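Residues per chain are reported as follows:
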Amino acid sequence: MKKLLIIVLVAVAFMGVEIPKAKAMDPVTIGILAPIILPYAIPVAETAAQYALKGLINAGVGMIDIFKDMIDVFMLPVGFLEVTLGLPFGLFSNGCENIGTGFIAPFKLGFHAVMLVPRLFCLYS
(Lines give C-alpha, C1' and ligand atoms only; values in the text may rest on other atoms or scores of the structure.)
Protein backbone atom coordinates (compact mmCIF):
# COMPACT_ATOMS: atom_id res chain seq x y z
CA MET A 1 0.00 0.00 0.00
CA LYS A 2 2.87 2.35 0.84
CA LYS A 3 4.57 1.73 -2.49
CA LEU A 4 1.37 2.47 -4.38
CA LEU A 5 0.89 5.71 -2.44
CA ILE A 6 4.48 6.78 -3.18
CA ILE A 7 4.06 5.99 -6.89
CA VAL A 8 0.81 7.98 -7.06
CA LEU A 9 2.38 10.97 -5.25
CA VAL A 10 5.40 10.99 -7.57
CA ALA A 11 3.14 10.70 -10.62
CA VAL A 12 1.01 13.63 -9.43
CA ALA A 13 4.12 15.70 -8.68
CA PHE A 14 5.53 15.23 -12.18
CA MET A 15 2.24 15.32 -14.07
CA GLY A 16 2.72 18.81 -15.53
CA VAL A 17 6.36 18.29 -16.50
CA GLU A 18 7.00 17.51 -20.13
CA ILE A 19 10.11 16.06 -21.67
CA PRO A 20 12.22 18.78 -23.32
CA LYS A 21 12.66 18.39 -27.06
CA ALA A 22 16.04 18.78 -28.72
CA LYS A 23 16.26 21.79 -30.99
CA ALA A 24 19.29 21.64 -33.23
CA MET A 25 20.28 23.80 -36.15
CA ASP A 26 21.35 21.95 -39.25
CA PRO A 27 24.79 22.74 -40.73
CA VAL A 28 23.30 24.32 -43.84
CA THR A 29 21.54 26.98 -41.74
CA ILE A 30 24.78 27.72 -39.90
CA GLY A 31 26.57 28.08 -43.25
CA ILE A 32 23.92 30.51 -44.48
CA LEU A 33 23.97 32.62 -41.28
CA ALA A 34 27.78 32.71 -40.88
CA PRO A 35 28.43 35.59 -43.34
CA ILE A 36 25.70 37.61 -41.64
CA ILE A 37 26.80 37.03 -38.03
CA LEU A 38 30.60 36.91 -38.28
CA PRO A 39 31.23 40.58 -39.16
CA TYR A 40 29.50 41.55 -35.93
CA ALA A 41 30.73 38.69 -33.76
CA ILE A 42 34.48 39.00 -34.41
CA PRO A 43 34.94 42.57 -33.06
CA VAL A 44 32.81 41.72 -30.03
CA ALA A 45 34.92 38.61 -29.37
CA GLU A 46 38.16 40.59 -29.72
CA THR A 47 36.97 43.19 -27.21
CA ALA A 48 35.74 40.50 -24.81
CA ALA A 49 39.05 38.64 -25.06
CA GLN A 50 40.94 41.61 -23.59
CA TYR A 51 38.69 41.68 -20.53
CA ALA A 52 38.78 37.89 -20.20
CA LEU A 53 42.58 37.95 -20.21
CA LYS A 54 42.66 40.67 -17.54
CA GLY A 55 40.22 38.64 -15.44
CA LEU A 56 42.32 35.49 -15.75
CA ILE A 57 45.47 37.38 -14.75
CA ASN A 58 43.69 38.85 -11.71
CA ALA A 59 42.38 35.40 -10.77
CA GLY A 60 45.91 33.99 -11.07
CA VAL A 61 47.17 36.62 -8.63
CA GLY A 62 44.30 35.67 -6.33
CA MET A 63 45.30 32.01 -6.51
CA ILE A 64 48.85 32.97 -5.49
CA ASP A 65 47.40 34.80 -2.46
CA ILE A 66 45.32 31.74 -1.57
CA PHE A 67 48.38 29.49 -1.86
CA LYS A 68 50.37 31.80 0.46
CA ASP A 69 47.54 31.71 3.00
CA MET A 70 47.40 27.90 2.80
CA ILE A 71 51.11 27.79 3.63
CA ASP A 72 50.67 30.32 6.45
CA VAL A 73 48.09 28.07 8.15
CA PHE A 74 50.96 25.72 9.01
CA MET A 75 52.78 28.53 10.84
CA LEU A 76 50.53 28.01 13.88
CA PRO A 77 51.96 24.61 14.90
CA VAL A 78 55.45 25.76 13.90
CA GLY A 79 55.04 28.79 16.17
CA PHE A 80 53.91 26.61 19.08
CA LEU A 81 56.95 24.40 18.60
CA GLU A 82 59.24 27.42 18.52
CA VAL A 83 57.67 28.87 21.66
CA THR A 84 57.88 25.63 23.64
CA LEU A 85 60.89 23.71 22.36
CA GLY A 86 62.81 26.69 20.96
CA LEU A 87 62.59 28.79 24.13
CA PRO A 88 66.10 27.87 25.31
CA PHE A 89 67.46 28.74 21.87
CA GLY A 90 65.96 32.23 21.71
CA LEU A 91 63.12 31.45 19.34
CA PHE A 92 60.32 32.76 21.58
CA SER A 93 59.71 36.04 19.73
CA ASN A 94 59.87 34.35 16.33
CA GLY A 95 57.44 31.72 17.61
CA CYS A 96 54.99 34.39 18.80
CA GLU A 97 55.15 36.02 15.39
CA ASN A 98 54.47 32.67 13.68
CA ILE A 99 51.55 31.97 16.03
CA GLY A 100 50.02 35.32 15.05
CA THR A 101 50.57 34.60 11.37
CA GLY A 102 49.05 31.12 11.70
CA PHE A 103 46.07 32.41 13.67
CA ILE A 104 45.18 35.07 11.09
CA ALA A 105 45.85 32.86 8.03
CA PRO A 106 42.46 31.01 7.91
CA PHE A 107 40.60 34.31 7.96
CA LYS A 108 42.78 35.71 5.18
CA LEU A 109 42.31 32.45 3.27
CA GLY A 110 38.53 32.74 3.53
CA PHE A 111 38.61 36.39 2.44
CA HIS A 112 40.82 35.68 -0.55
CA ALA A 113 38.69 32.67 -1.55
CA VAL A 114 35.52 34.79 -1.47
CA MET A 115 37.20 37.63 -3.38
CA LEU A 116 38.36 35.28 -6.17
CA VAL A 117 35.12 35.73 -8.12
CA PRO A 118 35.26 39.57 -8.06
CA ARG A 119 38.90 39.29 -9.15
CA LEU A 120 37.79 37.18 -12.11
CA PHE A 121 35.39 39.93 -13.20
CA CYS A 122 38.02 42.68 -12.63
CA LEU A 123 36.01 44.20 -9.76
CA TYR A 124 38.78 43.73 -7.19
CA SER A 125 42.50 43.87 -7.78
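The rules behind each value
- Residues numbered from 1 in each chain as written.
- Predicted model: local features only at pLDDT ≥ 70, side-chain atom pairs only at ≥ 80, totals over all residues.
- Heavy atoms only, no water.
- Helix = DSSP H or I, 4+ residues; strand = E, 2+ residues; numbered from the N terminus.
- Buried < 20%, exposed > 50% of the residue type's maximum accessible area, 1.4 Å probe, protein only.
- Contact = heavy atoms within 4.5 Å.
- Lys, Arg positive; Asp, Glu negative; His and termini not counted.
- Salt bridge = Lys/Arg side-chain N within 4 Å of Asp/Glu carboxyl O.
- Phe/Tyr/Trp six-rings, centres within 6.5 Å; stacked < 30°, edge-to-face > 60°.
- Arc of directions from axis to C-beta.

Asks: Provide a residue-level description of the environment of Ala-59, including the pertinent values.
Replies: Tracing the backbone shows Ala-59 in helix H2 (residues 27-73). Given the relative accessible area of 12%, Ala-59 is considered buried. As a C-alpha pair, Ala-59 and Met-115 span 56 residues in sequence and 9.3 Å in three-dimensional space. Excluding residues within four positions of it along the chain, Ala-59 makes contact with Leu-116, Arg-119 and Leu-120.

Asks: Explain the side chain of Asp-69 residue by residue, including any values.
Replies: Among the secondary structure elements, Asp-69 is positioned in helix H2. There is no salt bridge for the buried Asp-69, and the closest opposite charge comes from Lys-108, which lies 4.1 Å off by N-O distance. Setting aside residues no more than four positions away along its own chain, Asp-69 makes contact with Ala-105, Lys-108, Leu-109 and His-112.

Asks: Go over the packing of aromatic side chains with me, naming the residues and quoting the values.
Replies: Inspection of every chain in the model, using the stated rule, returns one aromatic pair. Relative to Phe-107, the ring of Phe-103 lies with its centre 6.0 Å away and its plane at 65 degrees, an arrangement referred to as edge-to-face. Placement of both Phe-103 and Phe-107 in helix H4 (residues 92-114) is noted, with a separation of four residues, approximately one turn of the helix. Comparing Phe-103 with Phe-107 shows no difference in burial state: the two are exposed.

Asks: If you had to explain helix H3 (residues 75-84) to someone new, which residues and values would you point to?
Replies: Turning to H3, its buried residues are Gly-79, Glu-82 and Val-83. Each buried residue of H3 sits inside an arc of 100 degrees when the element is viewed along its axis, so together they form one side. In this structure, the buried residues of H3 make contact with H4.

Asks: Could you give an account of the pattern of salt bridges, with specific residues and numbers?
Replies: If you walk through the whole model with that rule in mind, you get one salt bridge. For Arg-119, the salt bridge is made with Asp-65, and the minimal N-O distance between the two is 3.1 Å. With a gap of 54 residues between them, Arg-119 in helix H5 (residues 116-120) and Asp-65 in helix H2 connect regions that are remote in the sequence. Comparing Arg-119 with Asp-65 shows no difference in burial state: the two are buried.

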